[in-house]
Each structure stands twice: as C-alpha cells, then as structure tokens.
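# Inside the fold
As a plain string of letters, each chain reads:
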Amino acid sequence: MGAHDLSFLSSQPPLSARGAARLAWLRRRLPAPWIANRRRRRILFLVLAAPGFLAVFGTTYHHNFFVMLAGFALFGGAVAFRALTEPLFVKAAADTLPTPLPAQHKDSFDA
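Cut-offs applied
Residues numbered from 1 in each chain as written. Predicted model: local features only at pLDDT ≥ 70, side-chain atom pairs only at ≥ 80, totals over all residues. Heavy atoms only, no water. Phe/Tyr/Trp six-rings, centres within 6.5 Å; stacked < 30°, edge-to-face > 60°. Helix = DSSP H or I, 4+ residues; strand = E, 2+ residues; numbered from the N terminus. Buried < 20%, exposed > 50% of the residue type's maximum accessible area, 1.4 Å probe, protein only. pLDDT = per-residue confidence, 0-100.

## Here we look at the packing of aromatic side chains
Scanning the model with the defined rule gives 2 aromatic pairs in all. Their ring planes at 50° and their centres at 4.8 Å tell us that F53 and F57 sit as a pair that is tilted. Taken together, the residues F53 and F57, both in helix α2 (residues 38-58) and 4 residues apart, mark about one turn of the helix. With 5.8 Å between their ring centres and 70° between their planes, F65 and F66 make a pair best called edge-to-face. Relative accessible area serves as the criterion here: at 64%, F66 is assigned to the exposed category.

Right under this line is the structure:
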C-alpha cells in the first residue's frame, strides 16, 4: 500500500511514431500544467466528467430524458478521453525515465 509501484514502466514497449504524433498533438492543445503529472491528469478527468455527472444526477428526479442522455454522453466522452490518452502519457514517461523509480516516489513534490 502507500506509494505506487512503477516497475511496470520498463516492461512496456516504447512509444511508436503514431503514438508520438498523438502525444505531440495533445501537448499542443492541452495546457502543460494540466498534463504535467498523473495527479493533475486525474483532476483534468474529473473536470471533464463533472458536467456529465451533474447533468445525470442533478436532473430533478430524472424527468428530463434528453438532459440525462447528454450527461451520459459527456461522462462517456470524459472516460473515453482518459482511456485513450493515459497510456500515451505513461509510455512517454517510461521512455524518458532511465531507470525504474523506487517505491517511495511520489508524482510531484507537493504530493
């Protein structure tokens, strides 16, 4: 328990040319502080998922079907975005780290 074991980073294949192009596209369009580390990417996911979550559970007694469907679509979009982009960031981190990190490593100094 406690800190995450990051030894799996070295076992992943290196980032492909297509993956590098997708990662460069994401880095151009997303603000650098939002994608700087894993914790901030989780917060970005929560920010993207919050409108959909509120549309689904904030609709009074779920009477407005179309608002609820829009909420599910927004939440699903946030989940899909995270599922597609997080492996790119993890592989990019594995390519830039020369050795596996110790088990006590934290994502950032303010963690």
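## Description of the environment of A50
Its place among the elements puts A50 in helix α2. With 21 residues separating them along the chain, A50 and G71 place their C-alpha atoms 9.2 Å apart.

## Looking at the confidence of the model for the protein
Looking at the protein as a whole, the pLDDT averages 76, with 69% of positions reaching at least 70. Least confident of the elements in the protein is helix α1 (residues 17-29), whose mean pLDDT is 82; most confident is α2, at 87.

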